[in-house]
Amino acid sequence: MTDVTGVPVVPVDVLHTLFHSDQGGHEQVVICQDRASGLKAVIALHSTALGPALGGTRFYPYASEEEAVADALNLSRGMSYKNALAGLDHGGGKAVIIGDPDRIKSEELLLAYGRFVASLGGRYVTACDVGTYVADMDVVARECRWTTGRSPENGGAGDSSVLTSFGVFQGMRASAQHLWGDPTLRGRKVGVAGVGKVGRHLVEHLLSDGAEVVVTDVREESVRAITALHPEISVAVDTDALIRTEGLDIYAPCALGGALNDESVPALTAKVVCGAANNQLAHTGVEKDLADRSILYAPDYVVNAGGVIQVADELHGFDFDRCKAKATRIFDTTLAIFARAKADGIPPAAAADRIAEQRMADARRH
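Residues numbered from 1 in each chain as written. Predicted model: local features only at pLDDT ≥ 70, side-chain atom pairs only at ≥ 80, totals over all residues. Heavy atoms only, no water.

Undergrad: Got a minute to help me understand the packing of aromatic side chains in this structure?
TA: Each aromatic ring pair is characterised by the separation of its centres together with the angle its planes make. Under the counting rule described, the total for this entry stands at three aromatic pairs. Each ring, one from tyrosine 60 and one from tyrosine 62, has its centre 5.1 Å from the other, and the planes form 70 degrees; the classification is edge-to-face. In this structure tyrosine 60 comes out as partly exposed when scored by relative accessible area, which is 27%. Between the aromatic rings of phenylalanine 318 and phenylalanine 320, the centroid separation amounts to 6.4 Å while the plane-to-plane angle is 75 degrees, which identifies the pairing as edge-to-face. The residue whose ring lies beneath arginine 188 is tryptophan 180, and the NZ or CZ to ring-centre distance is 3.8 Å. (Phe/Tyr/Trp six-rings, centres within 6.5 Å; stacked < 30°, edge-to-face > 60°. Buried < 20%, exposed > 50% of the residue type's maximum accessible area, 1.4 Å probe, protein only. Lys NZ or Arg CZ within 6 Å of the ring centre and 35° of its normal.)

So, in structure tokens, the structure goes:
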């Protein structure tokens, strides 16, 4: 939605979401525009109860400004929960830049974005996400010191997808332990939807542990790249075919959100869902649909926290071994969530929410 001059405006339904719905509760939402560079961005701060909001910058060609705002709201809320369960002293925030990064991304645009983040005075710490990379954060950091995910040459930790995939792997191991009594994936068939930055690293972990891997990706070049390295990998024509694969033990959504919905859940052949994508549950109630089908769901914001653990550490002088040790604990956190879910008689997603909300509530009281 735009006004008569073409400037994006926040539609009324978004304001209703912010102020009146369960999906709202955000502390601050900033609409950013720099006409010279073509920048249109939304920065959403869900909570700073535990500390400065921390979350990545997504660069994506949204169909509308409303869709971009909604994504920023959902993603930032998820970051509050993710950071809380990862044990970090950070709240949740997220930014989205509207547009096709292959067409409009430029140094001028990234510098303008950095100035907007800097104007928040440290309330928001940014990093990489879909469509942004280490080199981009190096540019943003020239205007904003509250930037993580930078290159080692520029004082950063480098690619956070390395530990993101490692954390998802730990979540899978915990799922296997809970469901099958053994934390190995040897002999299990795992379907990975999306073999980009995170998915390709996850495939390496799975193969090293003896899993049989099936992949799919909307980008043919990504599939070609991973199968060239590992010709033993099977390829599904698309995600719909992947989730229906006979004998699939684990489904790992590693692309964009909304992978678990009214169409996909009834079709799933896997007994476990554990992947890197954010906001996998398309709407409230999907977690119950999974439970009703006896499909074990490892909450996305729990298992994909390895990356945020890495970028948070960058603020204090990055140490990879220290970060990997923290990411390894995702195994124990995931098991604890499954145990809480069983004890309370609720789906794992609800159990994870309760634990995260308790930590944020405790922080507000002190």
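Now that the structure has been shown, we can carry on.
Undergrad: Where do I start with the confidence of the model for the protein in this structure?
TA: Detailed reading of predicted coordinates is not advised where the pLDDT is low. Mean pLDDT over the protein stands at 93; residues scoring 70 or higher make up 96%. Scored below 50 in pLDDT, residues 1-9 shows 17 contacts in the model against residues more than four places distant or in partner chains. (pLDDT = per-residue confidence, 0-100. Contact = heavy atoms within 4.5 Å.)

Undergrad: How should I be thinking about the layout of surface pockets in this particular structure?
TA: Where empty space is left can be seen by rolling a probe of water-molecule size over the atoms. The calculated volume of the second largest pocket comes to roughly 1,100 Å³. Along its surface, the second largest pocket is lined by 35 residues, and Asn74, Arg77, Asn279, Leu281 and Ala282 are the ones closest to its centre. Among the secondary structure elements, those contributing two or more residues to the lining of the second largest pocket are β4 (57-60), α2 (65-85), α12 (300-303) and α16 (348-365). Its residues assigned to classes, the lining of the second largest pocket comprises 14 nonpolar, 10 polar and 11 charged. (1 Å grid on protein atoms, 1.4 Å probe; cavity = no way out; pocket = protein on both sides within 12 Å on 5 of 7 lines; lining within 4 Å. Points joined across faces, edges and corners; volume = space filled by probe spheres on them. Helix = DSSP H or I, 4+ residues; strand = E, 2+ residues; numbered from the N terminus. Nonpolar A, V, L, I, M, F, W, Y, C, P; charged D, E, K, R; others polar.)

Undergrad: Can you walk me through the pattern of salt bridges in this structure?
TA: Pairs may arise between side chains of opposite charge once their charged atoms sit close together. Scanning the model with the defined rule gives 19 salt bridges in all. In this structure, arginine 115 engages glutamate 143 in a salt bridge whose closest nitrogen and oxygen atoms are separated by 3.3 Å. One end of the pair, arginine 115, is in helix α4 (residues 107-118); the other, glutamate 143, is in the loop between α5 (134-141) and α6 (161-180), with 28 residues separating them in the sequence. A residue is classified by how much of its surface remains accessible, and arginine 115, at 41% relative accessible area, is partly exposed. Take glutamate 143: its relative accessible area is 33%, and that puts it in the partly exposed class. Among the charged side chains, a salt-bridge network with shared partners connects Arg58, Asp71, Lys94 and Asp129. (Salt bridge = Lys/Arg side-chain N within 4 Å of Asp/Glu carboxyl O.)

Undergrad: What's the story with the packing of α4 against α5 in this structure? I'm lost.
TA: Axis angle and axis distance: for two packed helices, these are the angle between their axes and the distance between the axes, and together they describe the pair. As a packed pair, α4 and α5 sit with axes 8 Å apart at the nearest point and diverge in direction by 60 degrees. Overall, the two elements α4 and α5 adopt an arrangement that is oblique. Read as a crossing pair, α4 and α5 show a hand that is right-handed. On α5, the residues that touch Glu107, Leu110, Leu111, Tyr113 and Gly114 of α4 are Asp136, Val139 and Val140. Of the residues that constitute the contact of α4 with α5, the class distribution is five nonpolar, one polar and two charged. (Axes fitted to C-alpha atoms, helices over the stretch in contact; angles between N-to-C directions. Parallel < 35°, antiparallel > 145°, perpendicular 65-115°, else oblique. Left-handed = near helix turned anticlockwise from the far one by under 90°.)

Undergrad: Help me out: how do you make sense of the side chain of serine 222 in this one?
TA: Residue position: serine 222 is located in helix α8 (residues 220-229). The residues touching serine 222, leaving out its near neighbours within four places in the chain, are Val195 and Asp217.

Undergrad: Explanation requested: the pairing of strand β7 (residues 189-193) in the structure shown.
TA: Among the five residues that make up β7, five are buried, leaving the element largely enclosed by the rest of the structure. Alternating residues of β7 divide into Lys189, Gly191 and Ala193 and Val190 and Val192, and every residue in both groups is buried. After leaving β7, the chain enters helix α7 (residues 197-208) and then returns to the sheet as strand β8 (residues 212-216), a path that is right-handed. Pairing of β7 with strand β10 (residues 250-253), which is carried by four bridges, proceeds in the parallel orientation. By the bridge assignment, valine 190 is partnered in β10 with isoleucine 250. (Right-handed = clockwise from strand over helix to strand, strands pointing away. Pairing = 2+ DSSP bridges.)

Undergrad: Where do I start with the environment of threonine 147 in this structure?
TA: For threonine 147, the position within the fold is in the loop between α5 and α6. For the pair threonine 147 and glycine 93, spaced 54 residues apart in sequence, the C-alpha to C-alpha distance is 13 Å. Once residues lying within four places of it in the same chain are set aside, the contact partners of threonine 147 are Thr126, Met137, Val140, Ala141 and Glu314. Within the structure, threonine 147 has its side chain in polar contact with the backbone oxygen of cysteine 144 (distance 2.8 Å). (Polar contact = N/O pair within 3.5 Å; in protein donor to acceptor, adjacent residues only side chain to side chain.)

Undergrad: Hey, could you run me through unusual backbone geometry in this one?
TA: Negative phi values dominate among residues other than glycine, just as trans dominates among peptide bonds. In this structure, asparagine 279 takes a positive phi of about 50 degrees despite not being glycine. Mapped onto the secondary structure, asparagine 279 falls in the loop between β11 (272-273) and α11 (286-292). For serine 294, which is not a glycine, the phi torsion comes out positive at approximately 60 degrees. Looking at where serine 294 falls in the secondary structure, it is placed in the loop between α11 and β12 (296-297).

Undergrad: In this structure, what is going on with the sheet that holds β10? I would like to understand it.
TA: Within the open sheet, the six strands sit side by side as β9-β8-β7-β10-β11-β12. Their pairing is parallel. Pairing within the sheet leaves two strands with one partner each, and these edge strands are β9 (234-235) and β12. Here two bridges tie β11 to β12, and the two strands are oriented parallel to one another. By the bridge assignment for β12, valine 273 is matched with tyrosine 297.

Undergrad: Is there a simple way to think about the pairing of β8 in this case?
TA: A regular strand carries its side chains on alternate faces of the sheet. Among the five residues in β8, four count as buried, and that is most of the element. Inspection of the sheet shows β7 paired to β8 by five bridges, in the parallel sense. By the bridge assignment for β8, valine 190 is matched with valine 213. Summarising the sheet, β8 and β9 pair through two bridges and their orientation is parallel. Bridge assignment links valine 214 to a residue of β9, and that residue is serine 234. Of the crossover connections in this fold, the one passing from β8 over α8 to the parallel β9 is right-handed.

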